[in-house]
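# Examining the three-dimensional arrangement
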Amino acid sequence: ENAWLQTTASGEPIYGKGVLISIVDDGLDHDHEDLSTNYNPDASYDFNSNDADPHPTGDDAHGTSAGGVAAGYGHNGVGISGAAPNASLSGLRLIAGDVSDRDEANALVYAIDTVDIYSNSWGPTDDGTITPIGPLLSEALENGTTNGRNGKGAIYTWAGGNGRQSLDNSNYDGYANSRF
């Protein structure tokens, strides 16, 4: 709530206005009443089906939930409000199927000229072993943090410690632990 009290120089609430958050996950239900207002189709893509619609299939709902936490509209009297209820939201469907290092790399620089934050609430299996990221993904993250947001660097967030297993340690996770 303290973040929602922040205002622009003219006194208007910020609420994430002007920020584009891309949800990299198992899909994004952009028709959902708490997400459709903020949805940006131009920065969205389905890397599993290779088309422009990141809508989830089957019981995939994690990306939609993550999108609600990030930028659920919140001014409509329905459901919830996200942390940044006026931020724009895009979906990059990536983890609903098998993906390669190249797929991950392409997703994490997709629409790099417009995406501010890539939200990744996923990672490798938490089994107590070190899981490095691939070389193409490492290069993509370096490119994003160097060139994204008009040279200020894209922001990459990753899940850390949500494996719910006794061997869960985000220090072993090459995604969450990447220097980028």
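Residues numbered from 1 in each chain as written. Predicted model: local features only at pLDDT ≥ 70, side-chain atom pairs only at ≥ 80, totals over all residues. Heavy atoms only, no water.

Another aspect to go through is helix α3 (residues 135-147). Here α3 is 13 residues long and its end C-alpha atoms lie 18 Å apart, about the 18 Å a rise of 1.5 Å per residue gives. All of the buried residues in α3 are L137, A140, L141 and G144. End-on view of α3: buried residues confined to an arc of 100°, all on one side of the axis. Residues of α3 that are exposed and point over 90 degrees away from its buried face: P135 and E139. Remark: R149 follows α3 within two positions and exhibits a positive phi of approximately 50°. (Helix = DSSP H or I, 4+ residues; strand = E, 2+ residues; numbered from the N terminus. Expected span 1.5 Å × (residues − 1). Buried < 20%, exposed > 50% of the residue type's maximum accessible area, 1.4 Å probe, protein only. Arc of directions from axis to C-beta.)

Let's shift gears to the pairing of strand β3 (residues 88-93). Across a regular strand the side chains alternate sides, sitting on one face of the sheet and then on the other. Of all six residues in β3, five are buried; the element is thus mostly enclosed. As defined by bridge partners, strand β1 (residues 20-25) adjoins β3 across six bridges and the pair is classed as parallel. Across the sheet, the residue bridging to I21 is L89, located in β3. One ladder, built from two bridges, connects strand β2 (residues 45-46) with β3; its direction is parallel. Along β3, the bridge assignment pairs Y45 with L92. (Pairing = 2+ DSSP bridges.)

Another aspect to go through is the packing of aromatic side chains. With the rule as written, the count across this model stands at seven aromatic pairs. Seen from their ring centres, Y45 and F47 are 4.8 Å apart, and the 70° between their planes marks the pair as edge-to-face. The class for F47 is buried, based on a relative accessible area of 10%. A centroid spacing of 5.5 Å and a plane angle of 35° characterise the contact between W158 and Y175, whose relative ring orientation is tilted. Here W158 is found in strand β5 (residues 155-158), whereas its partner Y175 is found in the segment after β5, with 17 residues between them in sequence. (Phe/Tyr/Trp six-rings, centres within 6.5 Å; stacked < 30°, edge-to-face > 60°.)

Before going further, it helps to examine the nonpolar core. With 23 residues, the main nonpolar core has V24, L108, Y118, L141, Y156 and W158 as its most contacted residues. Contributing elements (two or more residues each) for this core: β1, α2 (101-107), α3 and β5. Ignoring sequence-local partners within four residues, the contact set of L141 consists of L108, I133, Y156, W158, S178 and F180. Grouped together as the second largest cluster of nonpolar side chains are 11 residues, I21, I23, Y39 and L89 included. (Core = buried A, V, L, I, M, F, W, Y, C linked by side-chain atoms within 4.5 Å. Contact = heavy atoms within 4.5 Å.)

A separate point is the side chain of D26. Of note, D26 is situated in the loop between β1 and β2. One buried charge, D26, has no salt-bridge partner; the nearest side chain with opposite charge is R93, at 6.8 Å. At 3.4 Å, the side chain of D26 and the backbone nitrogen of H62 are in polar contact. One polar contact links the side chain of D26 to the main-chain amide nitrogen of G63, over a distance of 2.8 Å. Here D26 is in contact with P56, D60, A61, H62, G63, R93, I95 and A96, once residues within four sequence places are set aside. (Lys, Arg positive; Asp, Glu negative; His and termini not counted. Salt bridge = Lys/Arg side-chain N within 4 Å of Asp/Glu carboxyl O. Polar contact = N/O pair within 3.5 Å; in protein donor to acceptor, adjacent residues only side chain to side chain.)

Quick look at the pattern of salt bridges now. All chains considered together, the criterion is met by one salt bridge. Linking R93 and D46 is a salt bridge whose minimum nitrogen-to-oxygen distance equals 2.8 Å. Of this pair, R93 sits in strand β3 while D46 sits in strand β2, and the two are 47 residues apart along the sequence. Exposure class is identical for R93 and D46. Each is buried.

When you tally the buried positions in helix α1 (residues 62-71), you get seven out of 10 residues, the bulk of the element. Of all the residues in α1, the buried ones are G63, T64, A66, G67, G68, A70 and A71. If you follow the buried residues of α1, they end up packed against β1 and β3.

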